[in-house]
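Each chain is listed here by its residues.
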Amino acid sequence: VSRARVLGLAVCAVAAVSGCRESSQASAAEFQATARAREQKLQQRLAKADANPTKEMTPVAMWMMPAELREISGIAVTTGGRLLAHGDEVARIFVLDPRRGVVLKKFTVGNGPGGDFEGITAAGSDIYLLASNGTLYRFREGADESSVPYSTIDTRLGKECEFEGVAYEADSAWLVMPCKRVSKKLERGQLIIYRLRLQGPDSSRLTALMVPMSQVVGSNDWKGFHPSDITIDPATGNYVLISSHEKGLVAITPDGQVERSEPLPGKHPQPEGVAITSDNILIISDEASKKPAHITLYRWRL
Amino acid sequence: MVVLTQIIDVLTQGSDRPVRRLFAYYAIVAAVVAALSFAFPDIMRQVAGKGVNVTATSPQLLPDALEEAQRGIIGFGAGSLGEVAVVTILILLGTIVLMMPVTWVYMSARPIPGHSQALVQTLIILPIVVAGIIIVVQNSLALAFSLAGVVGAVRFRTNLRDTRDLVYVFLSIGVGFAAGVQSLAVGALVTIVFNLVSLLTWRYDYGRNALTPTASSQWAGPLETLASPTGMHEIPDRDLVLSLTPEKADALADRFDRVRSVLGKNKKKPRFNAVLTITTDYVPEAQKQAEMVLQKVTKRFKLDEVVQHTGKPSEIYYLVRLKKSVPRDEVLTAIHDNSDGMIASADLELAEPLQGRDGDKS
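Please read all numbers here as calculations on a predicted model, not as lab measurements.

Criteria and cut-off values
Residue numbers here run from 1 along each chain, matching the order of that chain's written sequence. Key to labels: chains lettered from A, ligands numbered from 1, both in the order written. Local features are withheld for residues below a pLDDT of 70 in this predicted model, meaning they are given only at 70 or higher, and side-chain atom pairs are given and counted only at 80 or more; totals for whole chains, interfaces and linings count all residues. Water and hydrogen atoms play no part in the side-chain values, which are based on all heavy atoms of the structure. Only DSSP runs of H or I with at least four residues qualify as helices, and only runs of E with at least two residues qualify as strands; both kinds are numbered from the N terminus onward. Note on exposure labels: buried denotes an accessible area under 20% of the residue type's maximum, exposed denotes more than 50%, and partly exposed covers the range between, all computed with a 1.4 Å probe on protein chains only. We treat two strands as partners when DSSP finds at least two bridges between them. Counted as salt bridges are all cases of a side-chain nitrogen of Lys or Arg within 4 Å of a carboxyl oxygen of Asp or Glu. Working convention: axes come from line fits to C-alpha atoms, limited for helices to the stretch in contact. Angles between N-to-C directions cover 0 to 180 degrees. Any angle that falls under 35 degrees is termed roughly parallel, while one over 145 is termed roughly antiparallel, one within 65 to 115 roughly perpendicular, and all others oblique. The crossing is said to be left-handed when, going from far helix to near helix, the turn is anticlockwise and less than a right angle, and right-handed when the turn is clockwise. We call two residues in contact when some of their heavy atoms are within 4.5 Å. Ten residue types, Ala, Val, Leu, Ile, Met, Phe, Trp, Tyr, Cys and Pro, are classed as nonpolar, four, Asp, Glu, Lys and Arg, as charged, and the remainder, Gly among them, as polar. One less than the residue count of a helix, multiplied by 1.5 Å, gives the span that helix is expected to have. Arc, as used here, means the arc of the directions from the helix axis to the C-beta atoms.

Quick word on the overall build of chain B
The number of helices and strands found in chain B is 15 helices and five strands. Among the 362 residues that make up chain B, the fraction classed as buried is 37%.

Regarding the pairing of strand 8 (residues 135–140) of chain A
Residue and element names in this part refer to chain A. Note: strand 7 (residues 126–131) against strand 8, five bridges, orientation antiparallel. Bridge pairing in strand 8 links Leu 130 to Leu 136. As paired strands, strand 8 and strand 10 (residues 150–154) are joined by five bridges and run antiparallel to one another. Within strand 10, the position partnered with Thr 135 by the bridge is Asp 154.

A look at the pattern of salt bridges
Oppositely charged side chains can pair when the atoms bearing their charge come close. Residue and element names in this part refer to chain A. With the rule as written, the count across this model stands at 16 salt bridges over all chains. The salt bridge involving Asp 97 is made with Arg 100; its shortest N-O contact spans 3.9 Å. You can call Arg 100 partly exposed: its relative accessible area is 26%. In this structure, Glu 262 and Arg 260 form a salt bridge, with 2.8 Å as the shortest nitrogen-oxygen distance.

Regarding the sheet that holds strand 7 of chain A
Residues and elements named next belong to chain A. Strand order across the open sheet formed by four strands is 6-7-8-10, with antiparallel pairing between neighbours. Where the open sheet ends on each side, the last strands, each with one partner, are strand 6 (117–123) and strand 10. For this sheet, the mean inter-axis angle between neighbouring strands, taken without regard to orientation, is 25 degrees. Bridge analysis of strand 6 against strand 7 gives six bridges, and the strand direction is antiparallel. For Ala 122, the partnering residue across the bridge sits in strand 7 and is Ile 127.

Considering the packing of helix 1 (residues 2–12) of chain B against helix 2 (residues 18–39) of chain B
Residue and element names in this part refer to chain B. At their nearest, the axes of helix 1 and helix 2 sit 9 Å apart, and the two run at 115 degrees to each other. As the angle between them shows, helix 1 and helix 2 are arranged roughly perpendicular. Helix 2 is crossed by helix 1, and the crossing has right-handed handedness. Side by side, helix 1 and helix 2 meet where Leu 4, Thr 5, Ile 7, Ile 8, Asp 9, Leu 11 and Thr 12 of the first sit next to Arg 20, Arg 21, Ala 24, Tyr 25 and Ile 28 of the second. Of the residues contributing to the contact of helix 1 with helix 2, the split by class is seven nonpolar, two polar and three charged.

Comments concerning the packing of helix 3 (residues 41–49) of chain B against helix 5 (residues 81–108) of chain B
All names here are of chain B. Relative to each other, helix 3 and helix 5 sit at 50 degrees, their axes nearing to 10 Å. Compared by their axis directions, helix 3 and helix 5 come out oblique. Considering only the axes of helix 3 and helix 5, their crossing is right-handed. Only Glu 83, Val 86, Val 87, Leu 90 and Ile 91 of helix 5 make contact with helix 3, whose side of the interface consists of Ile 43, Gln 46 and Val 47.

Some remarks on helix 9 (residues 184–203) of chain B
Residue and element names in this part refer to chain B. For helix 9, built from 20 residues, the straight-helix expectation of 28 Å at 1.5 Å per residue is met to within 8% by its first-to-last C-alpha distance of 28 Å. Those residues of helix 9 that fall on the buried side of the exposure criterion are Leu 184, Gly 187, Ala 188, Thr 191, Phe 194, Asn 195, Ser 198, Leu 199, Trp 202 and Arg 203. Summarising the axial view, the buried residues of helix 9 lie within an arc of 155 degrees, below the 170-degree limit, and thus occupy one face. What points out from helix 9, more than 90 degrees from its buried face, is the exposed set Leu 189 and Val 193.

Given below as structure tokens:
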């Protein structure tokens, strides 16, 4: 009787499990359908935002990051429209599809060296990861779960400046790196953006763009401006900076003219990264705090 | 429970050997886990392997925070109350599934008879509490400090009878931690290894001091004297005496010495001066083989006790009076040579304190 009962139980269990199992094909089809639906919904929201006569920016999408990106720091858009993202402490790069909210792949720089990584940018086929002490890690995109070789460039600016972001200005082949804090007292009334030329006869030449802080602050009630990240507006070529401390957004021309200085749209508990796509979508990344780490997409109005 | 017992009976073909029954239990658990992992891989990954850096494979859909905000947290999607509830319940059930065999081993494989029922129940309940706390506190330093403050206000103080009990409590906390950080797979492996090691150390009586005489060798004579019709006191149960704590045993030994000083005035030599312990799986056959040898190599012998065990060899105790011409090693060699594969081990413990007093140096 016992054996018959055990056999009966086993048969029932196998039948139940077989019925519950979601096949991989069904799962893949559901994945594609969800991704398509997200794309459509994003288009609808973008159209709605474009039709809105006010300048108010509302989120058109918001994706929660995986646990590994809990301390998401810098983000950058590639030429293909994908988003590179990394955490604060480990050189592990996530490649995302920001329009659909999908992690496409992730790879590690070398053996995942530790550090205080603050910004990332794509310069052609090269990717640059910036540590707060001014060390740049140069590497190329790798396959999913691969480890890519890298080289380092020491800007030797670590003592003068605490870096928080980096962006690549394709027209001039400059890496632009704003200082969050400067050590020299005389320069504290200025927003300093270092520019490092990567190519050409005067490669590795370093210049600094200084913008009076009063112009950066503008009419806002900020006491200063401490950039968390920088990106280049693909439409205008302006430098767009955000600050986690001031919860502000500033747009500056390459000549140093402040074009915009305003509070960040929406609610951002800890904005650490900014990027703008070629089709005018502003992406802001937030570290986990009261909410899980996430990226928020807005229609970027010129 | 009855169904589980029946399944284990079928798998072990009715064997009552603890290791077999334990393996049968784990086989059933493994089958259920494999089936659940096959049917609900994501849920099982969260329950059993999340804390061991099992990362999702790419491509991976990220949760839509805008949709979640509109829908609220009620439902069964990622991060919803439904998912949290299912995962939490599975984690807590998992701790019970892992701790059940630990309590069986605790209750069964004990060198000291008897166990604390309160501790058995604690072993089941403690990991549930610990897992619950860890789930709540996870990733929050502020909550961890708050917890330390709250727990600091509660006093835990208890005396455990056996130091091994403390290890069981530690294991229980460890399983609770593993469950709380959603790594029940680690907890499962720890309990499996723990149970097997516990059973094996019990089965082979590991750690028994082979160099010094055991309590039984010291007390064989006094106990025998006390057991005789002329003794002043009734002999206590042998196993009961051997289970005494060292302090109580010393006190009792002093008492035996005093009694012996009263009884030993007739200056007669004790009838027996050694205890032969034989471990075997085949009691009647081993008895027959051993007695054939003892008839040749001892002056006299007497079957003292047969202690039957389930799951490990039984023990046969003989009280023997050795011949002066036959040393201890020769007796043991003769028993081993004539064991015919029926005797697992044999040990001869000389009653040295008695020898000293009687001047018998055999």
